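# Fold and contact review
One letter stands for each residue in the lines below.
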Amino acid sequence: MQSRASLPPDLRRRFRTGRAALDLVHTGGEGEFAAWEIVHTVADLRRFLAVILELDELDAAESDLPTMRTLRAAITGAAYGLAAGTALRPADVAAINAVAAQPPLIPELRLDGSVGYARPTAAAALSTLARDAVDLFTGPLSGRIRVCAADDCGLLFVDASRPGRRRWCSMDRCGNLSKVRRYRGQE
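To keep things clear, this report deals only with the structure shown in the data block. (Residues numbered from 1 in each chain as written. Predicted model: local features only at pLDDT ≥ 70, side-chain atom pairs only at ≥ 80, totals over all residues. Heavy atoms only, no water.)

## A word on the overall build of the chain
- Looking only at helices and strands, the chain has 7 helices and 4 strands in total.
- Listed by position from the N terminus, the elements making up the chain come as α-α-α-α-α-β-β-α-β-β-α.
- If you take every contact in the chain between residues at least 6 apart in sequence, the share linking residues at least 24 apart comes to 54%.
- Surface summary for the chain: the accessible area is close to 10,200 Å², and the carbon and sulfur share equals 54%. (Helix = DSSP H or I, 4+ residues; strand = E, 2+ residues; numbered from the N terminus. Contact = heavy atoms within 4.5 Å. Areas by Shrake-Rupley, 256 points an atom, 1.4 Å probe, with all protein chains shown as cover.)

## A few points about the pattern of salt bridges
- Taken as a whole, this structure holds 6 salt bridges when the rule is applied.
- For arginine 19, the salt bridge goes to aspartate 135, with nearest N and O atoms at 2.8 Å. Pair noted here: arginine 19 is in the loop between α1 (9-12) and α2 (20-25) and aspartate 135 is in helix α6 (residues 122-138), with a separation of 116 residues, a long-range link.
- For aspartate 135, a relative accessible area of 46% gives the class partly exposed.
- Salt-bridge contacts for arginine 89 lead to aspartate 92; the nearest nitrogen and oxygen are separated by 2.9 Å. (Salt bridge = Lys/Arg side-chain N within 4 Å of Asp/Glu carboxyl O. Buried < 20%, exposed > 50% of the residue type's maximum accessible area, 1.4 Å probe, protein only.)

## A look at the packing of helix α3 (residues 42-53) against α6
- Look at α3 against α6: their axes get within 11 Å of each other, and the N-to-C directions meet at 45°. Classified by the interaxial angle, the pair formed by α3 and α6 is oblique. The way α3 lies across α6 gives a crossing that is left-handed. Here Leu45, Leu49, Ile52 and Leu53 of α3 come into contact with α6, specifically with Ala122, Ala125, Leu126, Thr128 and Leu129.
- Split into classes, the residues belonging to the contact of α3 with α6 amount to 8 nonpolar, 1 polar and no charged. (Axes fitted to C-alpha atoms, helices over the stretch in contact; angles between N-to-C directions. Parallel < 35°, antiparallel > 145°, perpendicular 65-115°, else oblique. Left-handed = near helix turned anticlockwise from the far one by under 90°. Nonpolar A, V, L, I, M, F, W, Y, C, P; charged D, E, K, R; others polar.)

## Quick notes on the environment of glycine 85
- When you line up the elements, glycine 85 lands in the loop between α4 (64-84) and α5 (90-100).
- Counting along the chain gives 57 residues from glycine 85 to serine 142, while the straight-line C-alpha distance between them is 10.0 Å.

## As for the side chain of aspartate 44
- Along the chain, aspartate 44 turns up in helix α3.
- Of the buried charged residues, aspartate 44 lacks a salt bridge, with arginine 47 as the closest side chain of opposite charge at 5.4 Å.
- Sequence-distant contacts of aspartate 44, defined by excluding residues within four places in its chain, comprise Ile38 and Val39. (Lys, Arg positive; Asp, Glu negative; His and termini not counted.)

## Details of the nonpolar core
- If you look at the biggest cluster of nonpolar residues, it comprises 44 residues, and the most contacted ones within it are Leu71, Ile75, Ile96, Leu129 and Phe137.
- Elements that contribute at least two residues to this core include exactly α2, α3, α4, α5, α6 and β4 (156-158).
- With 8 residues, the next largest nonpolar core counts Cys148, Ala150, Leu155 and Phe157 among its residues. (Core = buried A, V, L, I, M, F, W, Y, C linked by side-chain atoms within 4.5 Å.)

## Here's the deal with unusual backbone geometry
- For glutamate 54, which is not glycine, the phi dihedral falls at a positive 55°.
- Judged by relative accessible area, glutamate 54 falls into the exposed class, the value being 54%.
- Although it is not a glycine, arginine 119 sits at a positive phi angle of roughly 45°.
- Its place among the elements puts arginine 119 in the loop between β2 (115-117) and α6.

## So, α4
- Helix length check: α4, at 21 residues, gives a terminal C-alpha distance of 30 Å against a target of 30 Å (1.5 Å per residue), a fit within 8%.
- Within the sequence span of α4, burial applies to Asp64, Leu65, Met68, Leu71, Arg72, Ala74, Ile75, Thr76, Ala78, Ala79 and Gly81.
- On its buried face, α4 sits against α2, α3, α5, α6, β3 (145-147) and β4.
- Looking one or two residues past α4, glycine 85 carries a phi angle of roughly 85°, positive in sign. (Expected span 1.5 Å × (residues − 1).)

## Let's talk about α5
- Of all the positions in α5, only Asp92, Ala95, Ile96, Val99 and Ala100 are classed as buried. The buried residues of α5 occupy an angular sector of 130° when the element is viewed end-on, so they sit on one face. Turned more than 90 degrees away from the buried face of α5 sit Pro90 and Ala91, all of them exposed.
- Check the buried side of α5 and you find it contacts α4 and α6. (Arc of directions from axis to C-beta.)

Here is the structure:
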């Protein structure tokens with residue numbers, strides 16, 4: 001398994017949203033998100049689903065790529081919509097529900113006390129991500145989905161801070177750069 005910590009810093013920050021479903025959004029997409037696409041092949045799908053869900057490995061097939069793209073587009077639309085205060089679109093809800101209806105990853109206890117998954121597949125991983133999206137979009141954190149306030153970022157994150165006023169996806173990068181610009185009088 002490739003861990004998040006072993007990813008290059010610019011790629012690593014895409015996977016610190018606070019929710020696995022939002023991490024999937026940051027793997028790219030269509031239109032304006034195509035510039036950020038990192039899932040081109042089945043091997044890429046295996047790699048990034050394993051990173052997002054912290055899996056050792058999983059089986060994936062070419063037929064899983066369209067499902068992933070459809071789910072990612074639906075979660076993207078719903079999350080950016082909720083962050084902007086708009087209602088969920090019926091097409092996004094239907095796409096998320098269709099994938100969530102499939103069997104999810106099945107957790108199993110390992111001898112060392114850690115959790116693993118019984119025969120993980122991309123289809124089960126995508127179902128698990130869709131279920132995470134359902135939980136996020138219907139739970140108390142749905143009103144805390146934010147878009148990073150940095151002009152050159154736009155990443156989503158869940159604001160889990162107690163006051164609920166977090167502005168940046170990462171204080172290490174975007175928040176710090178904003179403070180530096182403000183200090184230098186560039187904002």
